[in-house]
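In case you want the letters, here they are:
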Amino acid sequence: MADPGANGATPPAIAVRDLTMAYGDFVLQRDLHFTIDVGDIFVIMGGSGCGKSTLLRHLIGLNEPARGEVFYGTESFTHAPPGRRAEMLRRVGVLYQSGALWSSMTLAENVALPLGEFTTLSEAEIREVAALKLALVGLAGFEDYYPADISGGMQKRAGLARAMALDPEILFFDEPSAGLDPLSARHLDELIVELRDSLGSTIVVVTHELESIFAIGTNSVFLDAESRTMIATGVPTELRDHSEQEQVRRFLKRGEG
Amino acid sequence: MSVQSPTGELALTRLPGGTLVVRLAGAWRLDHGLPPLHELRRELREATPARIAFEGEGLTHWDSAVVAFLAGASSIARESGIPIDRSGLPEGLRRLLDLAEAVPEKDDAKDGSNIDDFVHRLGEKAIETHRLFRSDLQFLGHLALTVGRAFRGRARFRGSDLAYLIQQNGFEALPIVTLVTFLLGLILAFVGAIQLQTFGATIFVADLVGVAMVRDMGALITGIIMAGRSGAAFAAQLGSMKVTQEIDALETMSISSMDFLVLPRIAALFLMMPLLTLYGDAMGILGGAFVGVSMLDLSLVEYLFQTADAVSMSHVVGGVFKGAVYGALIAIAGCLRGVQCGRSSSAVGEAATAAVVTGIVAIIVACGVFAFAFYVLGI
Ligand SMILES: Nc1ncnc2c1ncn2[C@@H]1O[C@H](COP(=O)(O)OP(=O)(O)OP(=O)(O)O)[C@@H](O)[C@H]1O
Ligand SMILES: [Mg+2]
């Protein structure tokens, strides 16, 4: 198996090599092979139930590959010992499909927890940083609310604030704009691009929102439920116009053309 | 041949050319039942037609009942390779059928669980039991490591979580513990009084209630209350955190859920159960005293002195020790079932039930072990 970045070029953010994902005997996707470069906004797309969320779980170590490997940079994530894995994950932030805020803590405490665990900031400083992160996602003033007391869209944004708490190098988003109104979805897209530009983060997004796929995606992979593997990878707008695969073009044009 | 429903009619007729005509007429509604597919099957068993034609001109009203029947009939026909003709059906019905058949059935979506014989089920059960047992052991191993780390001061959880858990699983349990242990003392006193009255030795009711409560019953009954109260709550809390991906969020931040969620829960019950046990012992003795004073004509002072004489320090310490162990067992059972919980809301309910069962079985087994060990040690 070729090591990613072995040819001396800048190492990729994440490299997926011959990955097969399965739940028990049920193979979901096989032979996934793609590279996410630093600074990419990488879109994972495909029909409902094809395994996008599952792929994301593999990338952050919540599921183990049935076969194949995930690399962070040039280092194997799949075969790293637990302690090393934890260190690698410290450079990563995740926004879950459901927000997944810790329900027994206020929004500020949610954002503050990783700061308290992994930095040497004082209480007051942590509180300040947490307030800043919440303000960035438009939730200034909601520091002391509990997740149950805010709307689903706001929970999602608070989840984003938590994911950004440690200024991660790689941010994962599972369906960030699902359940958001068009304006907030647009705002979120802008925020994602802003994060990439200002912090230099690499961003991996699972989404079916065509509009945001074309607006922000710089690279992508298309998972097909039928053939159980990836059938296209590349810049989304190019895939839409020039992909050889009919399914991909149909998906990206909403079935028209 | 034809079948009548209260309002509709299904007729199967064979034409000379080998065509089977399936004709639906009248009104077919879901609340009157579906047109019977088995009639069609029987007809097909008699002789395979060259073609099946569906006709629905006579339908005055139809809904999903007809659609489901036609979809079923079509798939039967397709399986036996008989061509079908739907041109005799109303336009809307045809379109719905096309829609239902647009995406072919995913053949491995049904995971073969329709194989339903005894051996198959036995095998599945065995594999499942083995898997659960392994995950129990994994949890306990992981827990042992975490506790080891905690003693070296390297486990991380929030003090405020522990304080909150102590309040929730200690002080807030007082009313129910009061009620149940008081009544238990009362019941024990009655049981003893009936026997002891025959010897005119009713004062020994105090000995009986005191020793029974302090040695065993206080810790046991408090444990059972807490298994229902805290064990179930722990399982439900952790289970729903799993459903909402909150545990995933902890793990990807390299915050161990064992440190952060399980440890404070075990610590809270381990600390609170001895206190609750002591309190329960006292309430039980008061319950006994209530019977002694009100029904056996003993004076309160006399009763309490008799109790103090009968109960030794080693009884008290032994009982409190048992309480602490039960507390740990209940919390471990609750957290274990919570961590094993599936990813749906019905799984959370099952986890809570399993936590109570596991918790109670664990403390009863422990109680038996203690009884034997204390007997051998002569305590
Ligand atoms: N824990 C599990 N055990 C078994 N099968 C699972 C499990 N989780 C998901 N699956 C199966 O894996 C498939 C893919 O699920 P996944 O959540 O990755 O889909 P998805 O592409 O994210 O879909 P959506 O766009 O609807 O979110 C589904 O068909 C589902 O049945
Ligand atoms: Mg998903």
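As the structure is a computational prediction, the values presented were derived from the model and not from experiment.

## Things to note about the domain arrangement of chain B
- Splitting chain B by domain gives domain 1 (2–102) and domain 2 (156–377).
- Here the C-alpha centroids of domain 1 of chain B and domain 2 of chain B sit 64 Å apart.

## Some words on the packing of helix α4 (residues 118–151) of chain B against helix α11 (residues 313–339) of chain B
Residue and element names in this part refer to chain B.
- Packing of α4 against α11 brings their axes to within 11 Å, and their N-to-C directions diverge by 120°. One element, α4, and the other, α11, form an angle in the oblique class. In terms of crossing hand, the pair formed by α4 and α11 is right-handed. Facing α4, whose interface residues are Ser-135, Asp-136, Phe-139, Leu-140 and Leu-143, α11 presents Ile-332, Cys-335, Leu-336, Arg-337 and Val-339.

## A look at the site of ligand 1
Residue and element names in this part refer to chain A.
- The local shell around ligand 1 consists of Tyr-23, Leu-28, Ser-48, Gly-49, Cys-50, Gly-51, Lys-52, Ser-53, Thr-54, Gln-97, Glu-175 and His-208.
- A distance of 3.3 Å is found between an oxygen atom of ligand 1 and a backbone nitrogen or oxygen belonging to Cys-50.
- Lys-52 has a polar backbone atom sitting 2.8 Å from an oxygen atom of ligand 1.
- Protein chains bury 62% of the 640 Å² of accessible surface belonging to ligand 1 in isolation.
- The greatest single-element share of the shell around ligand 1, amounting to three residues, is contributed by helix α1 (residues 52–59).
- Residues of the shell around ligand 1, tallied by class, amount to three nonpolar, seven polar and two charged.

## Here's the deal with the side chain of Ser-74 of chain B
All names here are of chain B.
- Among the secondary structure elements, Ser-74 is positioned in helix α2 (residues 64–79).
- Within the local environment of Ser-74, its side chain forms a polar contact with the side chain of Arg-86, the two groups lying 2.9 Å apart.
- What Ser-74 contacts, discounting residues up to four positions off in sequence, is Phe-54, Ile-84, Arg-86 and Glu-101.

## Some words on the sheet that holds strand β2 (residues 8–14) of chain B
Residues and elements named next belong to chain B.
- Across the sheet, five strands lie side by side as β1-β2-β3-β4-β5; this open sheet has mixed pairing. The open sheet has two free edges, formed respectively by β1 (2–4) and β5 (84–88), since each of these has just one partner strand. The sheet shows a mean angle of 15° between the axes of neighbouring strands, direction not considered.
- Here eight bridges tie strand β3 (residues 19–27) to strand β4 (residues 51–61), and the two strands are oriented parallel to one another. The residue bridging Val-22 from the neighbouring strand is Phe-54, located in β4.
- Where α2 meets the sheet, it contacts β2, β3, β4 and β5, and its direction lies at approximately 175° from that of β4.

## Structural notes on the packing of aromatic side chains
- This structure, assessed with the given rule, holds eight aromatic pairs over all chains.
- Here Phe-34 of chain A and Phe-42 of chain A contribute two aromatic rings whose centre-to-centre distance is 5.2 Å and whose plane-to-plane angle is 15°, an arrangement assigned as stacked.
- Given a relative accessible area of 0%, Phe-42 of chain A falls into the buried group.
- Between Phe-222 of chain A and Phe-251 of chain A the ring centres are 5.1 Å apart and the planes differ by 80°, which places this aromatic pair in the edge-to-face class. Here Phe-251 of chain A lies in helix α9 (residues 246–252) and Phe-222 of chain A lies in strand β9 (residues 219–224), a separation of 29 residues in the sequence.
- Residue class for Phe-251 of chain A comes out partly exposed when judged on its relative accessible area of 22%.
- Members of the aromatic cluster, each reached through a chain of ring pairs, are Phe-321, Tyr-326, Phe-370 and Phe-374 of chain B.
- Over the ring of Phe-234 of chain B we find Arg-265 of chain B, and its NZ or CZ is 5.5 Å from the ring centre.

## A word on helix α7 (residues 204–243) of chain B
All names here are of chain B.
- With 40 residues, α7 should cover 58 Å at 1.5 Å per step; its first-to-last C-alpha distance of 55 Å lies within 8% of that length.
- At Met-213, α7 shows its maximal bend, which comes to roughly 60°.
- Count one or two residues on from α7 and you reach Gln-245, which has phi positive near 70°.

Parameters at a glance
Residues numbered from 1 in each chain as written. Chains lettered and ligands numbered in written order. Predicted model: local features only at pLDDT ≥ 70, side-chain atom pairs only at ≥ 80, totals over all residues. Heavy atoms only, no water. Domains from an automatic or database assignment. Axes fitted to C-alpha atoms, helices over the stretch in contact; angles between N-to-C directions. Helix = DSSP H or I, 4+ residues; strand = E, 2+ residues; numbered from the N terminus. Parallel < 35°, antiparallel > 145°, perpendicular 65-115°, else oblique. Left-handed = near helix turned anticlockwise from the far one by under 90°. Contact = heavy atoms within 4.5 Å. Near = heavy atom within 4 Å. Polar contact = N/O pair within 3.5 Å; in protein donor to acceptor, adjacent residues only side chain to side chain. Areas by Shrake-Rupley, 256 points an atom, 1.4 Å probe, with all protein chains shown as cover. Nonpolar A, V, L, I, M, F, W, Y, C, P; charged D, E, K, R; others polar. Pairing = 2+ DSSP bridges. Phe/Tyr/Trp six-rings, centres within 6.5 Å; stacked < 30°, edge-to-face > 60°. Buried < 20%, exposed > 50% of the residue type's maximum accessible area, 1.4 Å probe, protein only. Lys NZ or Arg CZ within 6 Å of the ring centre and 35° of its normal. Expected span 1.5 Å × (residues − 1). Bend = angle between axes of the 7 residues up to and from the residue.

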